[in-house]
Amino acid sequence: MAIRRGRGVAAINYPTGMNLGGDPTQALVHSTPTGNFMVTLSSVDLGQGLKQIMAQICAETIGVPTDRVIIDTADTDTGPHCMGTFASRGTHRAGNAVIQAAKEARQVMLEVAAEELEVNASDLETDGEGNILVKGAPQKSISIFDVALSAHFKRGRSISGRGMFLIPRSYPEKETGAMKPSTCYAHACTVAEVEVDNETGEVTVLMVKNIFEIGRALNPKMVEQQLVGGSWMGISHALYETTEPYYPNRDHGGTDFNQYLMPGPGDLAQTEIIVLERPSADGPYGAKGPGEMCANPQIPAVANAVFDAIGVRIDTLPITPERILRALKAQAAN
Amino acid sequence: MAKVPIQFTLNGSEKAEFVEGGTTLLHALRDKTGDTSPKGGCHQGTCGACSVIIDGELRLSCLTLAETCSGTDIQTTSGLAEAGVLHPLQRAFLDAFATQCGFCTPGMIMAAKVLLDHTPNPSREDVVEALSGNICRCTGYEPIIQAVLTAARANSQNAA
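- For chain B, an unreviewed UniProt entry supplies the name (2Fe-2S)-binding protein and the organism Mesorhizobium neociceri.

- As recorded in an unreviewed UniProt entry, chain A goes by Xanthine dehydrogenase family protein molybdopterin-binding subunit and comes from Mesorhizobium neociceri.

1. Re the layout of surface pockets
All names here are of chain A.
(1) Moving on: Estimates place the volume of the second largest pocket at around 600 Å³.
(2) Moving on: For the second largest pocket, the lining is made up of 27 residues, of which Leu239, Tyr240, Leu261, Thr320 and Pro321 are closest to its centre.
(3) Moving on: Every element with two or more residues in the lining of the second largest pocket is listed here: strand 10 (203–213), helix 4 (220–239) and helix 6 (321–333).
(4) Moving on: If one sorts the elements of the lining of the second largest pocket by residue count, helix 6 sits on top with 4 residues.
(5) Moving on: In terms of residue class, the lining of the second largest pocket is built from 13 nonpolar, 9 polar and 5 charged.

2. Here's the deal with the side chain of A:Gln225
(1) Moving on: In this structure, A:Gln225 sits in helix 4.
(2) Moving on: Looking at A:Gln225, the relative accessible area reads 7%, which means it is buried.
(3) Moving on: Not counting residues up to four positions away in its chain, the partners in contact with A:Gln225 are B:Phe97, B:Thr99 and B:Gln100.

3. Focus on the side chain of A:Thr126
(1) Moving on: The residue A:Thr126 is located in strand 5 (residues 124–126) in this model.
(2) Moving on: A polar side-chain atom of A:Thr126 sits 2.8 Å from a polar atom in the side chain of A:Arg106.

4. Focus on the interface of chain B and chain A
(1) Moving on: Chain B puts 20 residues into the contact, and the matching count from chain A is 20 residues.
(2) Moving on: Buried surface at the junction of chain B and chain A, both sides included, amounts to about 1600 Å², of which 59% is carbon and sulfur.
(3) Moving on: There are 0 salt bridges connecting chain B and chain A.
(4) Moving on: For the side of chain B that touches chain A, the elements supplying multiple residues, two or more each, are helix 4 (124–131) and helix 5 (142–159) of chain B.

5. Description of the nonpolar core
Residue and element names in this part refer to chain A.
(1) Moving on: Counting residues in each nonpolar core, the largest one holds 45 residues, and the members touching the most others are Phe37, Met54, Cys58, Ile62, Met109 and Ile132.
(2) Moving on: With 14 residues, the single largest contributor to this core is helix 2 (residues 90–117).
(3) Moving on: Of the domains in this structure, domain 1 (3–16 + 182–333) and domain 2 (23–167) are the two that each give at least three residues to this core.

6. Let's talk about the packing of aromatic side chains
(1) Moving on: Taken as a whole, this structure holds 1 aromatic pair over all chains when the rule is applied.
(2) Moving on: Taken together, a centroid distance of 5.5 Å and an interplanar angle of 85° make the contact between A:Trp232 and B:Tyr141 edge-to-face. Residue A:Trp232 is located in helix 4, and its partner B:Tyr141 is located in the loop between helix 4 and helix 5; the two belong to separate chains.
(3) Moving on: Judged by relative accessible area, B:Tyr141 falls into the buried class, the value being 4%.

About the cut-offs
Residues numbered from 1 in each chain as written. Chains lettered and ligands numbered in written order. Predicted model: local features only at pLDDT ≥ 70, side-chain atom pairs only at ≥ 80, totals over all residues. Heavy atoms only, no water. 1 Å grid on protein atoms, 1.4 Å probe; cavity = no way out; pocket = protein on both sides within 12 Å on 5 of 7 lines; lining within 4 Å. Points joined across faces, edges and corners; volume = space filled by probe spheres on them. Helix = DSSP H or I, 4+ residues; strand = E, 2+ residues; numbered from the N terminus. Nonpolar A, V, L, I, M, F, W, Y, C, P; charged D, E, K, R; others polar. Buried < 20%, exposed > 50% of the residue type's maximum accessible area, 1.4 Å probe, protein only. Contact = heavy atoms within 4.5 Å. Polar contact = N/O pair within 3.5 Å; in protein donor to acceptor, adjacent residues only side chain to side chain. Buried area = accessible area lost by both parts, 1.4 Å probe. Salt bridge = Lys/Arg side-chain N within 4 Å of Asp/Glu carboxyl O. Core = buried A, V, L, I, M, F, W, Y, C linked by side-chain atoms within 4.5 Å. Domains from an automatic or database assignment. Phe/Tyr/Trp six-rings, centres within 6.5 Å; stacked < 30°, edge-to-face > 60°.

Listed below in structure tokens is the structure:
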């Protein structure tokens, strides 16, 4: 009986969004009278940072500082339709919708500015700091604050835009069954190193090294935050989490989150994260969905590392001490 | 049942409330004083989201009867910032991106504050031990551990 060490590797592709009856998200953008921009969405922020990312995307498209954008995700009954905040689709689907809405609002904003400055709208540009300038003659300018006031109180214009992003439903081809059920794949690879105690069946993940290819990281610190937490969740999927340890029998399943095991602060593997940025063609400013994919490659990597350590394949998750001991017993019997 | 009068200090302010017998401190803080920074996670003492500091000690407000708190000095995360300036722990949590959904954050910060009050220069193991009664399901804990270590360093530099 001994502690055995093993190393495993796994690579994954992971899609953004899903393919049920089509995958739409819509967005509305309008300016307040003082030239702030309101983005109305039904997509929600549950801690992953959707509001921050949507504010960045809207600000970048309209040409204003991010703090001039207000994100309203108040109510799925009254907001523009969103399929839902899941399947790593928030940044990609809602982001594309926000870009379209913000482009339309920007066009109206430039038209109002053109009337105020008595120039052609196509000769105008934004400075990203809240002003609209004549290209090549930046001394001729107007603040977006004044443009919004003019639109509201003088010109009777609504600086607003509608955005819609839809991935249409994909049906399988009759002859081959080929279809495109998902879009915009992110990629990841993990190397995991484990110790397995072949007397107790306990697995300790010593180290995981993860590489993630996630399109463009629109907010690198928030991406890192997702990936670090996700890597920990992947290890948790591999070794801890289940509601039915004897599925389909419910015996010994947890009855609430207190009994739903995940690694605590004393159980952390040494974790390394590397981000590769390959901007995606159809993503908002090149982004893909980094959300769920980051918790996937650790699972097969840990399973492979367990195999490397003790020579048995565990093909049911989570890889519990009981499953390891039963597998070792079966191996010895053969 | 007759209500019980209790008086305590909450983040430096005198409070006087009437509570029903058996009311938890968590309930009294959130629904009587309006301080919603302690969170009700499990309501059975396992998640740490309701952690507060009573007379300098870390306590689970969901398992503490409000009527036992008369005369005590209670601190919560909402009282940490002074004159709009964040406490070093709050600053460090923000800078380290140590919060996602945020539900565990006030309890984590309370646990970390008691640690740093008693152990100004903690080791990583000290931090892990101090946070081990608090559950987080977003971050993977590492950014939280780093934030506490960063706040400890900032404190010791300010003290020097």
